[in-house]
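Here's the letter readout for the chains.
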Amino acid sequence: MASSNVYAVVGVLAIMAISGAVMAQDVDPIKVNNCESKSKMTWHCINEVFASIFKTGTVSDECCHQLVNLGQICHEALVKRTLQNPLFKNNDTSVIFAKSAQIWNKCSLVDVSPSPSP
Ligand SMILES: *[C@@H]1O[C@H](CO)[C@@H](O)[C@H](O)[C@H]1NC(C)=O
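About the thresholds
Residues numbered from 1 in each chain as written. Predicted model: local features only at pLDDT ≥ 70, side-chain atom pairs only at ≥ 80, totals over all residues. Heavy atoms only, no water. Disulfide = S-S within 2.5 Å. Helix = DSSP H or I, 4+ residues; strand = E, 2+ residues; numbered from the N terminus. Buried < 20%, exposed > 50% of the residue type's maximum accessible area, 1.4 Å probe, protein only. Arc of directions from axis to C-beta. Near = heavy atom within 4 Å. Polar contact = N/O pair within 3.5 Å; in protein donor to acceptor, adjacent residues only side chain to side chain. Areas by Shrake-Rupley, 256 points an atom, 1.4 Å probe, with all protein chains shown as cover. Nonpolar A, V, L, I, M, F, W, Y, C, P; charged D, E, K, R; others polar. Core = buried A, V, L, I, M, F, W, Y, C linked by side-chain atoms within 4.5 Å. Contact = heavy atoms within 4.5 Å.

Peer 1: Sorry if this is basic, but what is going on with the state of the cysteines here?
Peer 2: Disulfide: a covalent bond formed between the sulfur atoms of two cysteine residues. All told, the structure shown has three disulfides when counted by the stated rule. In this model C35 forms its disulfide with C74; the gap between the sulfur atoms is 2.1 Å. Of note, the bridge from C35 to C74 carries an S-S torsion of about -80 degrees and is left-handed in sense. Taken together, the residues C35 in the loop between α2 (29–32) and α3 (43–54) and C74 in helix α5 (residues 72–84) connect sequence positions 39 residues apart. When sorted by exposure, C35 lands in the same class as C74, which is buried. The disulfide bridge from C64 ends at C107, spanning 2.1 Å between sulfur atoms.

Peer 1: What's the story with helix α4 (residues 61–70) in this structure? I'm lost.
Peer 2: It helps to recall that an α-helix has 3.6 residues per turn; residues three or four apart then point in one direction. Residues C63, C64, Q66, L67 and L70 constitute the buried set of α4. For α4, the arc enclosing every buried residue in end-on projection is 165 degrees, short of the 170-degree limit, so these residues lie on one face. Phi turns positive, to about 105 degrees, at G71, one or two residues after α4.

Peer 1: For this particular structure, what's the right way to read the site of the ligand?
Peer 2: All residues adjacent to the ligand are I53, F54, N90, N91 and I96. Here F54 contributes a backbone N or O atom positioned 3.1 Å from a nitrogen atom of the ligand. Taking N91, its side chain carries an N or O atom lying 2.5 Å from an oxygen atom of the ligand. Contact with the protein chains removes 48% of the 360 Å² of surface that the ligand exposes when unbound. Here the residues of the shell around the ligand sort into three nonpolar, two polar and no charged.

Peer 1: Before we go on, may I ask you to explain the nonpolar core in this structure?
Peer 2: Proteins that are soluble and globular tend to have nonpolar side chains buried together. Among the nonpolar cores identified, the biggest contains 22 residues, and I53, F54, V59 and L67 are the most heavily contacted of them. Every element with two or more residues in this core is listed here: α3, α4, α5 and α6 (93–112). Here this core gets five residues from one element, more than from any other, and that element is α6. Sequence-distant contacts of L67, defined by excluding residues within four places in its chain, comprise M41, V49, H75, I103, W104 and C107.

Spelled out as structure tokens, the structure:
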């Protein structure tokens, strides 16, 4: 009697742990898409994009290329995650999403136009 109860508890915990892990992967596009890979964007460009969305400023062509290379899914996922930070709780999410979309659009245009070689 006692041992079958133990098995039931262990079984439930195992199922919870597995489904928790699977769900966490499903809902975290940042991990799934490897968005934080250091090879995709330099700190300089991450800061430039970040500042232009949450503060003011523009994104240079070089950083636009890196952003487009990172991909729209990662761009949006990282903006969403930043908004979850208590530091940005005062920011209007619709304003931030509009700005992030605007920067994405600008950068995808920059990326198709041939860049002049220095
Ligand atoms: C986000 O919130 C900060 C602090 O409240 C503010 O200084 C900044 O201008 C806001 N950014 C945007 C894009 O609204």
